[in-house]
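# Overview (structure and organization)
Letter by letter, the chains look like this.
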Amino acid sequence: LGMAGSGKTTLMQRLISHLNQKQTPCYSINLDPAVGPLPFGCNIDIRDTVNYKEVMKQYSLGPNGGILTSLNLFATRFDQVLGFVEKR
């Protein structure tokens, strides 16, 4: 968790790169519905399930409300996410 521009994506990119160099398997999940293009692949991406901009329009929300509502909508399907992770 952190503010926009605080380096969350950069940290994850470097961590995943490090694990790949060590040939250590990893499983990444993107939980940021408003992030731009990711510089790394992720196994599960909230953006595949929830369209942040559409949530903002549909519920007449600003950016922060759109993010929180997107996370809430995604949370209703979190049992499916856990099922994918367990199958790995």
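Parameters at a glance
Residues numbered from 1 in each chain as written. Predicted model: local features only at pLDDT ≥ 70, side-chain atom pairs only at ≥ 80, totals over all residues. Heavy atoms only, no water. Helix = DSSP H or I, 4+ residues; strand = E, 2+ residues; numbered from the N terminus. Buried < 20%, exposed > 50% of the residue type's maximum accessible area, 1.4 Å probe, protein only. Lys, Arg positive; Asp, Glu negative; His and termini not counted. Charge placed at Lys NZ, Arg CZ, Asp CG, Glu CD. Expected span 1.5 Å × (residues − 1). 1 Å grid on protein atoms, 1.4 Å probe; cavity = no way out; pocket = protein on both sides within 12 Å on 5 of 7 lines; lining within 4 Å. Points joined across faces, edges and corners; volume = space filled by probe spheres on them. Nonpolar A, V, L, I, M, F, W, Y, C, P; charged D, E, K, R; others polar. Phe/Tyr/Trp six-rings, centres within 6.5 Å; stacked < 30°, edge-to-face > 60°. Salt bridge = Lys/Arg side-chain N within 4 Å of Asp/Glu carboxyl O. Core = buried A, V, L, I, M, F, W, Y, C linked by side-chain atoms within 4.5 Å. Contact = heavy atoms within 4.5 Å.

## Concerning the overall build of the chain
- Along the backbone of the chain there are four helices and two strands.
- In the chain, the order of α-helices and β-strands from amino to carboxyl end is α-β-β-α-α-α.
- Taken over the C-alpha atoms alone, the chain extends approximately 45 × 30 × 20 Å along its principal axes.
- Relative to its full complement of 88 residues, the chain shows a buried share of 19%.
- Averaging the locations of the 9 positively and 6 negatively charged side chains of the chain gives two centres separated by 8 Å.

## Comments concerning helix α1 (residues 8-21)
- Taking 1.5 Å as the rise per residue, α1 with 14 residues should run 20 Å; its terminal C-alpha atoms sit 20 Å apart, in good agreement.
- Positive phi appears at Gln23, one or two residues downstream of α1, with a value of about 55 degrees.

## A word on the layout of surface pockets
- When its volume is computed, the largest pocket comes out at roughly 820 Å³.
- Leu1, Gly2, Lys8, Leu31 and Asp32 are the residues nearest the centre of the largest pocket, which is lined by 26 residues in total.
- Of all the secondary-structure elements, those providing two or more residues to the lining of the largest pocket are α1, β1 (29-30) and α3 (63-75).
- For the lining of the largest pocket, the class distribution of residues is 16 nonpolar, eight polar and two charged.

## Points about the packing of aromatic side chains
- Under the criterion given, the structure shown has one aromatic pair.
- Taken together, a centroid distance of 6.2 Å and an interplanar angle of 75 degrees make the contact between Phe74 and Phe78 edge-to-face.
- Assessed through its relative accessible area of 4%, Phe74 is described here as buried.

## A look at the pattern of salt bridges
- Enumeration according to the criterion identifies two salt bridges in this entry.
- Taking the shortest distance from any N to any O, the salt bridge between Asp45 and Arg47 comes out at 2.7 Å.
- You can call Arg47 partly exposed: its relative accessible area is 30%.
- Residue Lys57 is joined to Glu54 by a salt bridge in which the shortest nitrogen-to-oxygen separation is 3.7 Å. Of this pair, Lys57 and Glu54 both sit in helix α2 (residues 52-59), three residues apart, roughly one helical turn.
- Exposure remark for Lys57: the relative accessible area of 61% places this residue in the exposed category.

## Focus: the nonpolar core
- Membership of the largest hydrophobic core is limited to six residues, which are Ile44, Ile46, Val50, Val55, Phe74 and Val81.
- Excluding residues that lie within four positions of it along the chain, Ile46 makes contacts with Asn30, Leu31, Asp32, Pro33, Ser70, Leu71 and Phe74.

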